[in-house]
Amino acid sequence: MEQPDFKQYGCQECAKGCDLDFQFTMAFQPIIDTRTHSIYAQEALVRGINGEGAGQVFQHVNDGNRYRFDQSCRVKAIKLAAQLGITSKLSINFLPNAIYKPELCIRTTLAAAEQYGFDYKKIVFEFTEDERIQDHDHLINIIRHYQDLGFKTAIDDFGSGYNGLTLLGTMPTDIAKLDMELIRDIDTNPVRQTLIRHTLAMFNELNITVIAEGIETLEEYRCLESLGVHLFQGFLFAKPAFESLAEINWP
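The sections below set out a description of the structure shown in this document. Remember, it's a predicted structure, so these values are computed and weren't measured experimentally.

### Details of the packing of helix α9 (residues 190–206) against helix α10 (residues 218–227)
The description of two packed helices rests on the angle between their axes and on the distance between the axes.
In step 1: For the pair α9 and α10, the least separation of the axes is 10 Å and the interaxial angle reads 40°. In terms of their interaxial angle, α9 and α10 are classed as oblique. Classified by chirality, the crossing of α10 by α9 is right-handed. The segment α9 lies against α10, with Gln-193, Ile-196, Arg-197 and Leu-200 engaging Cys-223, Leu-224 and Leu-227.
In step 2: By residue class, the composition of the contact of α9 with α10 is five nonpolar, one polar and one charged.

### Describing the packing of aromatic side chains
In step 1: By the definition in use, this model includes 15 aromatic pairs.
In step 2: Relative to Phe-24, the ring of Phe-22 lies with its centre 6.1 Å away and its plane at 35°, an arrangement referred to as tilted.
In step 3: A centroid spacing of 5.2 Å and a plane angle of 70° characterise the contact between Phe-158 and Phe-203, whose relative ring orientation is edge-to-face. Of this pair, Phe-158 sits in strand β5 (residues 152–158) while Phe-203 is found in helix α9, placing the two residues 45 residues apart along the sequence. By the burial criterion, Phe-158 is buried, and Phe-203 matches it.
In step 4: Taken together, the ring pairs connect Phe-94, Tyr-120, Phe-125, Phe-127, Tyr-146 and Phe-151 into an aromatic cluster.
In step 5: Its guanidinium or amino end placed over the ring of Phe-24, Lys-76 lies 5.0 Å from that ring's centre, counting from NZ or CZ.

### Examining the environment of Tyr-67
In step 1: Locating Tyr-67 in the fold gives a position in helix α3 (residues 66–84).
In step 2: Judged by its relative accessible area of 6%, Tyr-67 is buried.
In step 3: A sequence separation of 27 residues divides Tyr-67 from Phe-94, and the C-alpha atoms of the two residues are 9.9 Å apart.

### Describing unusual backbone geometry
In step 1: Even without a glycine there, the phi angle at Asn-207 is positive, about 60°.
In step 2: Despite not being glycine, Glu-243 shows a phi value in the positive range, around 50°.
In step 3: One can find Glu-243 in the segment after β9 (241–242).

### Some details on the pattern of salt bridges
In step 1: For the structure shown, the criterion picks out eight salt bridges.
In step 2: Across the salt bridge formed by Lys-177 and Glu-43, the nearest N and O atoms sit 2.9 Å from each other. On the criterion of sequence distance, the pair formed by Lys-177 in strand β6 (residues 175–178) and Glu-43 in strand β2 (residues 38–47) is long-range, its members being 134 residues apart.
In step 3: The exposure class of Lys-177 is buried, given its relative accessible area of 0%.
In step 4: A salt bridge links Glu-216 to Arg-184; the shortest N-O distance between them is 3.6 Å. Note that Glu-216 is positioned in the loop between β7 (209–213) and α10 and Arg-184 in the loop between α8 (180–183) and α9, a separation of 32 residues in sequence.
In step 5: Residue classification places Glu-216 among the partly exposed positions, given a relative accessible area of 44%.
In step 6: For Arg-184, a relative accessible area of 14% puts it in the buried group.

Scoring rules and cut-offs
- Residues numbered from 1 in each chain as written.
- Predicted model: local features only at pLDDT ≥ 70, side-chain atom pairs only at ≥ 80, totals over all residues.
- Heavy atoms only, no water.
- Axes fitted to C-alpha atoms, helices over the stretch in contact; angles between N-to-C directions.
- Helix = DSSP H or I, 4+ residues; strand = E, 2+ residues; numbered from the N terminus.
- Parallel < 35°, antiparallel > 145°, perpendicular 65-115°, else oblique.
- Left-handed = near helix turned anticlockwise from the far one by under 90°.
- Contact = heavy atoms within 4.5 Å.
- Nonpolar A, V, L, I, M, F, W, Y, C, P; charged D, E, K, R; others polar.
- Phe/Tyr/Trp six-rings, centres within 6.5 Å; stacked < 30°, edge-to-face > 60°.
- Buried < 20%, exposed > 50% of the residue type's maximum accessible area, 1.4 Å probe, protein only.
- Lys NZ or Arg CZ within 6 Å of the ring centre and 35° of its normal.
- Salt bridge = Lys/Arg side-chain N within 4 Å of Asp/Glu carboxyl O.

The structure is reproduced here in structure tokens:
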């Protein structure tokens, strides 16, 4: 993989997405806490400038621009969050394979938080199981460095992808988001109910916060709540809102 030229690209250049030959922005989708009837976090999701989905944007991302894209995503998310008056946690997806030196790569994030007046300790960095991790020790170093600075970290799509329990066994993550395929139609699937019940018990012992994402039906929500889940994200509650905050359909 081509490594970024740190001498050529400083924080300001990365923040502006220098040399990216495409534009993008963010949508926000809430994560709700049904115990307190409050917003736990807003997740920043990549979108094209005309509302195109993340898939279309990521078609332009490659090894040569991955680092600058990752840095620009953080800045756009923080800037928009501040403009929208978000006071909850802000969840930002990051690309582990784009981070070479966490102590350098985090500078743009900290600078953006200071510039736009957003409390950086409310930022949660999500990494997904779907991206094959090329160097697990490097990822562990990134997560620990971020946590030492006061950030929270989350593993997205837990239960799918390349790593599963093996990854969890080595990653000191704070939050786990259950993959939507694992909980789809859980209200009618006793096997998945058993899997989730034991997964929740494991996370409880590890002191890891659990979020169920991709909730689409009231039945799924009720089943998961009865199993002990209290943090939810999905179309049942709100779809991602383009450069704005969605109105929540509280259960």
